[in-house]
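Summary of the model geometry
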Amino acid sequence: MKLSEYVSYDGVGLADLVARGQVTAAELAATAQAASDAVHPRLNAVVETWPAQDIPAAGSTPLAGVPFLIKDLAVAMAGKRVELGSRIAAGNVAGADSSLMARLRRAGLVTLGRTATPEFAYSTTTEGVLYGATRNPWDPTRSPGGSSGGSGAAVAAGVVPIAHATDAAGSVRVPAAANGLFGLKPTRGRISMGPDTDEVFNGLAVHGFLSRSVRDSAALLDLVHGPEAGDPYAAPRPERPYTREITRSPGRLRIGLLTRPWGGRDIDATVLDAALRAARLAESLGHRVDEVQVELGIGWPEFVVANARLWSTNLVTWIDGFATAFERPVDLSTLEPETLASYVYGRRVSGAEFVDALAMRNSVARAIGRYFTEYDLLLTPTLPELPVPLGTYAENAEGLDGLGWLEQVFHRSPFTAAFNIAGTPAMSVPLETDPATGLPIGIQFAAGYGREDVLFRLAGQLEQAAPWAQRTPAVWAGGHDEAPAASTRSCSPSADPAPRPGAGRATPGRGSAGVR
């Protein structure tokens, strides 16, 4: 299969070709490897590839035979590295599949590699020391977002039609917006984090996916959702498959429009214009859109401090676990300055401060919940600005403590984190582009707890009304039909690259833990 043909299909379309015998899963895997090799020199999105291990029965699922990538964090594949983008975890090998990995295999996906993440997923740009910066396929001088930036860049460039991501403050939606993709953060408890962890970042983090089409995300969520034995909570079971929701009418929705971010920072004029156009599109489809203000339940400074306390104390346990397993120091030889500063900050958080931070989670969840008793959805820009140039985050990072670093991260993505605290679903839809640069602009829609069905109905309607499938970035695998034969690739980290299965078996939960 030529790359130009391969990239013209989404995952469901590729699986249909396999089911009808027009191509084999093995041929798709080889084509995906070639696509990865073609764009890797310009993007650095995929940090390692390997030969296909699973060749599912053709037609056994709606995604059987589709090439897939997992993020270097939060999901463990037996025998493969999960390094969380950090030198302190370099060489960590998973001893067993995590619950999600087992479900991805049963879904018929063919996992071929892992994608870049910032260190411990502790940023919304993907510029780590371990494997180097990942670049945006629309403009390689800019960030692909984070922390699922590697997955976002790979999907946008046509390497695979859908990839794994995580989200504890926007890390599905931020790279979706930056790379012109569809990305939905599910409800807390929709996908199991097990078996080695019960919840991550005290329930803020969830698994998710990035895709070029709405139906791919719907199909994969259908295949992997649901609790595992021992999970601390589970989202309400959907009434019908999400793939059926995307073709159902959403009815006339009550949508609130919020264009002034929590925290009060300014947003780019082009982003504001895009959000207003999206609101007008929603109105043209029959929905009611009102400008609203949404209370967080606490002040923005208190919100940021509480998040910093939750995240940094969790970070301490993960770093200490790897330091012990690999007998490595906790210093600048193993951690990036911002991560080390956050570790030091977390060490100083008291038990009482941690409990107070958990109370913040309740206050915000109650406030967001009250909003959704009056409105079906909330519409915001996903990001307040266009994808930033690489190096932007580092410009102001020197000397910051853990709180200061998180303040900067939240300043860059102020619309997203509230829905992680509340546990409610939210999606970024690639409805708009910047007229001057052609860069994508994502529009976020958030819904009440357990209401992915409403989001998917609207997403299907929006995709029909304002299709984005024909937009392609500057770095696009489809332009490489003469690409050389595919080969697996193992990138060389900067510290202790040798896999250490013994340590991996001791810390599989750590490999699933750091999620943002």
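Everything below is about the structure shown above.
Residues numbered from 1 in each chain as written. Predicted model: local features only at pLDDT ≥ 70, side-chain atom pairs only at ≥ 80, totals over all residues. Heavy atoms only, no water.

Attention now moves to the packing of helix H7 (residues 214-224) against helix H16 (residues 452-465). H16 packs onto H7 with a crossing angle of 155° between their chain directions and a minimal axis gap of 10 Å. Our classification of the angle between H7 and H16 gives roughly antiparallel. Our pair here, H7 against H16, has a crossing hand that is left-handed. In contact with Val214, Ser217, Ala218 and Leu221 of H7, H16 contributes Phe456, Ala459, Gly460 and Glu463. (Axes fitted to C-alpha atoms, helices over the stretch in contact; angles between N-to-C directions. Helix = DSSP H or I, 4+ residues; strand = E, 2+ residues; numbered from the N terminus. Parallel < 35°, antiparallel > 145°, perpendicular 65-115°, else oblique. Left-handed = near helix turned anticlockwise from the far one by under 90°. Contact = heavy atoms within 4.5 Å.)

Turning to the side chain of Thr134, a few remarks are in order. Tracing the sequence through the fold places Thr134 in the loop between strand E5 (132-133) and helix H5 (149-156). In this structure the side chain of Thr134 is engaged in a polar contact, spanning 2.8 Å, whose partner is the backbone oxygen of Asn44. Once residues within four sequence positions are removed from consideration, Thr134 is found in contact with Leu43, Asn44, Ala45, Ala116, Thr126, Pro144, Gly149, Gly150, Ala153 and Leu390. (Polar contact = N/O pair within 3.5 Å; in protein donor to acceptor, adjacent residues only side chain to side chain.)

The next thing to look at is the pattern of salt bridges. Evaluated as defined, the whole model comprises 26 salt bridges. A salt bridge links Arg114 to Glu48, with the nearest nitrogen and oxygen atoms 2.7 Å apart. With a gap of 66 residues between them, Arg114 in strand E3 (residues 110-115) and Glu48 in strand E1 (residues 46-49) connect regions that are remote in the sequence. Ionic contacts of the salt-bridge type, sharing partners, join the residues Glu239, Arg240, Glu245, Arg248, Arg451, Asp453 and Arg457 into one network. (Salt bridge = Lys/Arg side-chain N within 4 Å of Asp/Glu carboxyl O.)

Turning to the environment of Thr339, a few remarks are in order. Inspection of the secondary structure puts Thr339 in helix H11 (residues 337-347). Thr339 sits in the buried class, given a relative accessible area of 4%. Taking the C-alpha atoms as reference points, Thr339 and Asp401, 62 residues apart in sequence, are found 9.4 Å from one another. The contacts of Thr339, once residues within four sequence positions are left out, are Glu119, Phe120, Leu315 and Ile319. (Buried < 20%, exposed > 50% of the residue type's maximum accessible area, 1.4 Å probe, protein only.)

A separate point is the nonpolar core. Ranked by size, the top nonpolar core spans 92 residues in total, and within it Leu104, Leu220, Leu431 and Phe445 carry the most contacts. No other element matches helix H3 (residues 25-43), which puts seven residues into this core. The residues touching Leu431, leaving out its near neighbours within four places in the chain, are Ala278, Leu281, Ile441, Ile443, Phe445, Leu462, Ala466, Trp468 and Arg471. (Core = buried A, V, L, I, M, F, W, Y, C linked by side-chain atoms within 4.5 Å.)

Below, the discussion takes up the pairing of strand E8 (residues 206-211). Across the six residues of E8, six count as buried, placing the element largely inside the fold. Residues of E8 alternate between two faces, with Val206, Gly208 and Leu210 on one and His207, Phe209 and Ser211 on the opposite face, all of them buried. Across six bridges, strand E6 (residues 162-167) lies against E8 in antiparallel orientation. Counted as the bridge partner of Ala163 is Leu210 from E8. Across three bridges, strand E7 (residues 182-185) lies against E8 in antiparallel orientation. Across the sheet, Phe182 pairs through a bridge with Ser211, a residue of E8. (Pairing = 2+ DSSP bridges.)

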